Amino acid sequence: MFKWLLTILIALAVLAAATPWLERLGVGRLPGDLKFSVRGRAYFLPLASTLVFCALAWLIGRLI
């Protein structure tokens, strides 16, 4: 359980650091990706992009 939690935290940190670069590629502009601001701070929830990445990872996993 601890390994999964650590893996998820590392993945979230990497994705948070890569968000500006990924936005230039078009990630985060799909319908279903939420972007809102509260008290001057912007929050980003890439729900649709996450589904696309999961499907792509699954497809790559099936091909390998």
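Just above sits the structure.
Residues numbered from 1 in each chain as written. Predicted model: local features only at pLDDT ≥ 70, side-chain atom pairs only at ≥ 80, totals over all residues. Heavy atoms only, no water.

Glancing now at the side chain of Asp33. For Asp33, the location among the structural elements is in strand β1 (residues 33-38). Comment: no salt bridge for buried Asp33; closest opposite-charge side chain is Arg29, at 8.6 Å. Of the polar contacts made by the side chain of Asp33, one reaches the side chain of Ser49; its length is 2.7 Å. Discounting chain neighbours no more than four positions away, the residues touching Asp33 are Gly28, Leu45, Pro46, Leu47, Ala48 and Ser49. (Helix = DSSP H or I, 4+ residues; strand = E, 2+ residues; numbered from the N terminus. Buried < 20%, exposed > 50% of the residue type's maximum accessible area, 1.4 Å probe, protein only. Lys, Arg positive; Asp, Glu negative; His and termini not counted. Salt bridge = Lys/Arg side-chain N within 4 Å of Asp/Glu carboxyl O. Polar contact = N/O pair within 3.5 Å; in protein donor to acceptor, adjacent residues only side chain to side chain. Contact = heavy atoms within 4.5 Å.)

Looking now at the pairing of β1. In terms of strand pairing, β1 meets strand β2 (residues 41-46) through six bridges, oriented antiparallel. Bridge pairing links Asp33 to Pro46 in β2. From the end of β1 to the start of β2, which pair antiparallel, there are two residues, and Arg39 there has a positive phi angle of about 55°. (Pairing = 2+ DSSP bridges.)

Function cannot be read off these values alone, since they describe shape.
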